[in-house]
Amino acid sequence: MKIHDKVFESYISETEINEHVTRLACAISQQFSDKNPLFIAVLNGSFMFASDILKQLNFPAQISFVKLASYLGTKSLGAISELIGVNEPLRDRNIVILEDIVDSGLTMEKLTAYLYSQGAASVVIVTMLFKPKSFKANIKIDFIGIEIPDYFVVGYGMDYNGYGRNIREILKIAE
Ligand code: IMP
Ligand code: MG
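A. Highlighting the site of ligand 1. As a matter of local geometry, ligand 1 sits amid 18 residues, with Glu99, Ser104, Gly105, Thr107 and Val153 nearest to it. One of the backbone nitrogen or oxygen atoms of Gly105 is found 2.8 Å away from an oxygen atom of ligand 1. Contacts to ligand 1 include Val153, whose backbone N or O atom sits 2.6 Å from a nitrogen atom. Protein burial of ligand 1: of its 500 Å² of free accessible surface, 92% is covered by the chains. Elements with a minimum of two residues in the shell around ligand 1: strand S7 (94–102) and helix H3 (106–117). In terms of residues, the shell around ligand 1 owes the most to one element, S7, which gives 4 residues.

Structure, rendered in structure tokens:
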């Protein structure tokens, strides 16, 4: 499939995605149903993952959608250029971050530090995809859907230059 100016091929099916989402949602429900967590979904990439996870939780939850960016094209810029949309007080809250993909981990490292600086009681990270080879951050990724090699992927919320977030499966860049 051609997206923008590159060719992508099927990589992770909708069925496989759903299996991991269900597993993660069960684990989160077990650990957090009595902790009144505040979910933080990192836009834009996590909108589909966050929606799927939230629908499967077994308790009424609060969620804030935040926006930040560290990517331009297929290259990580390594820094948060913007953080907007945290509309609940963070002090003493147990925060659960929902992220589409953790690559270098710098985005999550900076976001975690920011949340603690605002008085969060605890912060855990839930990510659909994790690229352990690129990871260089000094934080723990608590819940992981699937570990992948250093492929550039698109779909299920993730984009290539703004395109492809709507694709239901996950594609990887063709060799
Ligand atoms: P990090 O700060 O290097 O961990 O980058 C994390 C962010 O970069 C993710 O939230 C994604 O939005 C984006 N990103 C990382 N890898 C990919 C990819 O393979 N495809 C699309 N976006 C990606
Ligand atoms: Mg993201």
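On we go.
B. Quick peek at the environment of Ile141. Summarising the element assignment, Ile141 is placed in the loop between strand S8 (122–130) and strand S9 (143–147). The buried category is assigned to Ile141, whose relative accessible area is 12%. Along the sequence, Ile141 and Ser104 sit 37 residues apart, while their C-alpha atoms lie 12 Å from each other. In contact with Ile141, other than residues within four places in its own chain, are Val102, Ile125, Thr127, Phe130 and Phe135.

C. Local environment of H3. With 12 residues, H3 extends 16 Å from end C-alpha to end C-alpha; this agrees with the ideal 16 Å at 1.5 Å per step. Of all the positions in H3, only Leu106, Thr107, Met108, Leu111, Thr112 and Leu115 are classed as buried. Summarising the contacts, the buried residues of H3 are in contact with strand S3 (38–43), S7 and S8.

D. Representation of the sheet that holds S7 in the model. Across the sheet, 5 strands lie side by side as S4-S3-S7-S8-S9; this open sheet has parallel pairing. Edge strands, defined here as strands with exactly one partner in the open sheet, are strand S4 (62–67) and S9. Neighbouring strand axes in the sheet, compared pairwise and without regard to direction, differ in orientation by 20° on average. Bridging between S3 and S4 involves 6 bridges; their strand directions are parallel. Bridged to Ile40 within S4 is Ser64.

The rules we used
- Residues numbered from 1 in each chain as written.
- Chains lettered and ligands numbered in written order.
- Predicted model: local features only at pLDDT ≥ 70, side-chain atom pairs only at ≥ 80, totals over all residues.
- Heavy atoms only, no water.
- Near = heavy atom within 4 Å.
- Polar contact = N/O pair within 3.5 Å; in protein donor to acceptor, adjacent residues only side chain to side chain.
- Areas by Shrake-Rupley, 256 points an atom, 1.4 Å probe, with all protein chains shown as cover.
- Helix = DSSP H or I, 4+ residues; strand = E, 2+ residues; numbered from the N terminus.
- Buried < 20%, exposed > 50% of the residue type's maximum accessible area, 1.4 Å probe, protein only.
- Contact = heavy atoms within 4.5 Å.
- Expected span 1.5 Å × (residues − 1).
- Pairing = 2+ DSSP bridges.
- Axes fitted to C-alpha atoms, helices over the stretch in contact; angles between N-to-C directions.

Honestly, that's just the spatial picture; any functional story needs more than this.
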